[in-house]
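Okay, here's what each chain looks like letter by letter:
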Amino acid sequence: MKRLILALCVGAFAAGSASAQLRLTLDDAIRIALSENPTVKVADLEVERYDYVKKETRGNLLPSLSLSGDYTRAIEKSTMRGGISFGADNTFTGTASLTVPLFAPTVYGTLKLNRAQIAAAVESARSSRIVLASEVKKAFYNILLAEQSLATLEESRTTIQRTVDDTLLKYRQGLASEYDYLTAQVELSNLLPTITQTKNSIEVAKLQLKMYLSVPEEVSIELVGDLDGMKDVVLAGGEPLSTDVSQNSDLRALDIQAEMLRYQLKTTNAARIPTIAAFGSATITGNDMVDFRKMMAGGEAGTGEAVADLNSSKYFWTHPISVGIQLSIPIFSGLKNTYKARQVKNQIEQLDLQRTYAYRQTTVAVESAINDLLTARETMLAQAQTMAQADKAYSIADTRFRAGAGTILELNTAQLNRTQAHLNYSQAIYDYLSAQADYDRIVGKVAGVN
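Note that this is a predicted model, so its numbers are computed, not measured.

1. Thoughts on the overall build of the chain
Looking only at helices and strands, the chain has 11 helices and 9 strands in total. Here the chain holds 450 residues, and the buried ones make up 36% of them.

Below you can see the structure in the form of structure tokens.
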């Protein structure tokens, strides 16, 4: 369905529509990214490639049949004393060979290695999905943060513009000084560049999201939802935080790599085991040994009567058939297998050290992510309270100013604090959601990715 929506948007733009627009929820964005992003497609193709590698290896256990044929023309035949020549002027040979592996331990070990390679490719694809989903979430949250910040700034501009208009009216009536009027105008002018910068940041953030989703730049996107709603969803559906990193993709990849090395070691050692194969061959050979048959018939070369006394076929055909069992016993190969096995054992030791260090790093990372998440949650709750206080303080300052009991400086300060409190609250929500995405990525748990 998501591909259809995207196709419709692109088609509308291609048909000359004024604006091809794609409305996205967070789940929509994640699903489209996991379906269309080239990184995920490459990972899936890698899984498919290793499946072909396994099938290629399995082919070594199937019977092998080959056909061959050749033609030989004798330019000069072997001749004995007396002018008797041997051999044929023309020789045709056809051979069919069949080989059936009966016991091939190296192939068995390679098949197990191939299965581990497929598992590694699958885990790599899973890792790509987890990382991509985390990046899509952050890009989505970043756009919502910029849009919510822009809404706050626009509201602040409207409020300040009202203050400027009211101050101008009072100034003309002699109820406010020119200083008050100029101060209000300066505050409004200082806000405009920030609004422009925020608008630009929204466009950049949307380009980033389009890149993750493989959406053409010409298609405009509209996000469904807001930071407060996202926060409520995460808080409502939040599971107990755990330091369990058993599903961490990096650690799982190292475990699979260790399994691959163990299978590789078994395959290397299997090269010392004898192999057994059955074989069979059938050959048909045709020779035009005319002179030889004349001699055997008692005739002389060059007389047509001798040829007529023989059978009517010009060629002498033979067709031997043979079958057998082949046993191959490795005895000495220059210690190549021994040193190859030692190399694999060395790699296993290295990987064990890497796995231990990576586990410690991941444990520290998940504990840090939990601390960041808890800190962001507390900051978010504190900023919500601060924002409510700033709204109340501004309301009091605005009432005092309009009643003539307060100054423009008090009102500007209250307005600035109110705007900053709203921006800080939006940033705190983004930090919390971003920290949650980082935690999910580290523990290998992302919605929609298994």
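So much for the structure itself; the text now carries on.
2. Re a positive patch on the surface
Together, Arg-58, Lys-112, Arg-115, Arg-262 and Lys-266 make up a positively charged patch on the protein surface. Put simply, the parts of the chain that give the positive patch at least two residues each are α4 (105–172) and α7 (249–270).

3. Here we look at the packing of helix α2 (residues 26–36) against α4
One can describe the packing of α2 onto α4 by two numbers: an axis separation of 10 Å at closest approach and a directional angle of 140 degrees. As the angle between them shows, α2 and α4 are arranged oblique. Remark: the crossing between α2 and α4 carries right-handed chirality. When α2 is examined against α4, the residues Leu-26, Ala-29, Ile-30, Ala-33 and Leu-34 are found in contact with a partner set consisting of Arg-129, Leu-132, Ala-133, Val-136, Lys-137, Phe-140 and Tyr-141. Here the residues of the contact of α2 with α4 sort into 10 nonpolar, no polar and 2 charged.

4. Some points on the packing of aromatic side chains
Across all of its chains, the model carries 3 aromatic pairs by this definition. Relative to Phe-92, the ring of Tyr-71 has its centre 4.8 Å away and its plane inclined at 40 degrees; by these criteria the two rings are tilted. Here Tyr-71 is found in strand β2 (residues 64–73), whereas its partner Phe-92 is found in strand β5 (residues 90–103), with 21 residues between them in sequence. Residue Phe-92 is classed as partly exposed on the basis of its relative accessible area of 35%. Judged by centre distance (6.2 Å) and plane angle (65 degrees), the rings of Phe-103 and Tyr-108 are edge-to-face. Given the relative accessible area of 35%, Phe-103 is considered partly exposed. Owing to a relative accessible area of 32%, Tyr-108 belongs among the partly exposed residues under this scheme. A cation over a ring is seen here: Arg-49 above Tyr-50, with NZ or CZ 4.5 Å from the ring centre. Just above the ring of Phe-401 sits the side chain of Lys-170; from NZ or CZ to the centre is 4.6 Å.

5. Comments concerning the side chain of His-422
Secondary-structure assignment places His-422 in helix α11 (residues 408–443). Judged by relative accessible area, His-422 falls into the buried class, the value being 16%. Excluding residues that lie within four positions of it along the chain, His-422 makes contacts with Thr-152, Met-387 and Asp-391.

6. A few points about the nonpolar core
Residues Val-136, Phe-140, Leu-209, Leu-213 and Leu-433 are the most contacted members of the largest nonpolar core, which totals 42 residues. If you list the elements that add at least two residues to this core, you get β1 (21–24), α2, α4, α5 (178–213), β6 (220–223), α6 (227–237), α10 (336–402) and α11. Among the elements that make up this core, the one with the highest residue count is α4 (9 residues). Those residues within four positions of Leu-433 in sequence are excluded, and the remaining contacts are Tyr-141, Leu-227, Met-230, Lys-231 and Val-234. If you look at the next biggest cluster of nonpolar residues, it comprises 18 residues, including Ala-146, Ala-184, Ala-397 and Ala-414.

7. Focus: the pattern of salt bridges
Applying the stated criterion across every chain yields a total of 24 salt bridges. The shortest N-O distance in the salt bridge between Asp-438 and Lys-138 comes to 2.5 Å. Taken as a pair, Asp-438 in helix α11 and Lys-138 in helix α4 lie far apart in primary sequence, 300 residues in all. Note that Lys-199 and Glu-154 form a salt bridge whose closest N and O atoms lie 4.0 Å from each other. Here Lys-199 is found in helix α5, whereas its partner Glu-154 is found in helix α4, with 45 residues between them in sequence. Since its relative accessible area comes to 40%, Lys-199 is described here as partly exposed. The exposure class of Glu-154 is partly exposed, given its relative accessible area of 21%. A single network of salt bridges, built from pairs that share partners, joins Arg-162, Asp-166, Asp-398 and Arg-402.

8. Some remarks on the side chain of Asn-337
You can see Asn-337 is positioned in helix α10. What Asn-337 contacts, discounting residues up to four positions off in sequence, is Thr-268, Ala-271 and Arg-272.

9. Structural notes on the packing of α2 against helix α3 (residues 38–58)
For any two helices packed against each other, the geometry comes down to the angle between their axes and how far apart the axes lie. Contact geometry for α2 and α3: axes closest at 5 Å, N-to-C directions at 50 degrees. Considering the angle they form, α2 stands oblique to α3. In this structure, α2 contributes Ala-33, Leu-34, Ser-35 and Glu-36 to the contact, and α3 contributes Pro-38, Val-40 and Lys-41. Classifying every residue of the contact of α2 with α3 gives 4 nonpolar, 1 polar and 2 charged.

The rules behind the values
Residue positions within a chain follow its written sequence, with the count starting from 1. Side-chain atom pairs in this predicted model are given and counted only at pLDDT of 80 or more, local residue features only at pLDDT of at least 70, and totals for whole chains, interfaces and linings cover all residues. Side-chain figures throughout are based on the complete set of non-hydrogen atoms in the structure, without hydrogens or water. Only DSSP runs of H or I reaching four residues or more are called helices, and only runs of E reaching two or more are called strands; each is numbered from the N terminus. Burial classes follow relative accessibility: with a 1.4 Å probe on protein chains only, a residue under 20% of its type's maximum area counts as buried, one over 50% as exposed, and anything between as partly exposed. Patch rule: a residue counts if its relative accessible area is over 30% and it has no salt bridge; like charges are joined within 9 Å, and nonpolar side chains (Val, Leu, Ile, Met, Phe, Trp, Tyr) within 5 Å. Only the protein chains shown count as cover for residues, and the accessible areas themselves come from Shrake-Rupley with a 1.4 Å probe. Here, a salt bridge means any side-chain nitrogen of Lys or Arg that lies within 4 Å of a carboxyl oxygen of Asp or Glu. Only four residue types enter the tally: Lys and Arg on the positive side, Asp and Glu on the negative side; His and the chain ends are excluded. Taken as the charge centre is NZ of Lys, CZ of Arg, CG of Asp or CD of Glu, depending on the residue. Every axis corresponds to a line fitted to the C-alpha atoms, with the helix fit spanning only the stretch in contact, and the corresponding angles, defined between N-to-C directions, vary from 0 to 180 degrees. Working rule for angles: under 35 degrees goes down as roughly parallel, over 145 as roughly antiparallel, 65 to 115 as roughly perpendicular, anything else as oblique. With the far helix as reference, a near helix turned anticlockwise by less than a right angle produces a left-handed crossing, and one turned clockwise produces a right-handed crossing. Should any heavy atoms of two residues lie within 4.5 Å, those residues are considered in contact. Side-chain classes follow a simple rule in which Ala, Val, Leu, Ile, Met, Phe, Trp, Tyr, Cys and Pro form the nonpolar group, Asp, Glu, Lys and Arg form the charged group, and the remainder, Gly included, forms the polar group. Between rings of Phe, Tyr and Trp, where Trp is taken as its six-membered ring, a pair exists when centres lie within 6.5 Å; planes separated by under 30 degrees are stacked, by over 60 edge-to-face, and by other angles tilted. Two conditions define a charge sitting above a ring: the NZ of Lys or the CZ of Arg must be within 6 Å of the ring centre, and it must be within 35 degrees of the ring normal. Residues enter a nonpolar core if they are buried and are Ala, Val, Leu, Ile, Met, Phe, Trp, Tyr or Cys, with the set joined through side-chain atoms within 4.5 Å.

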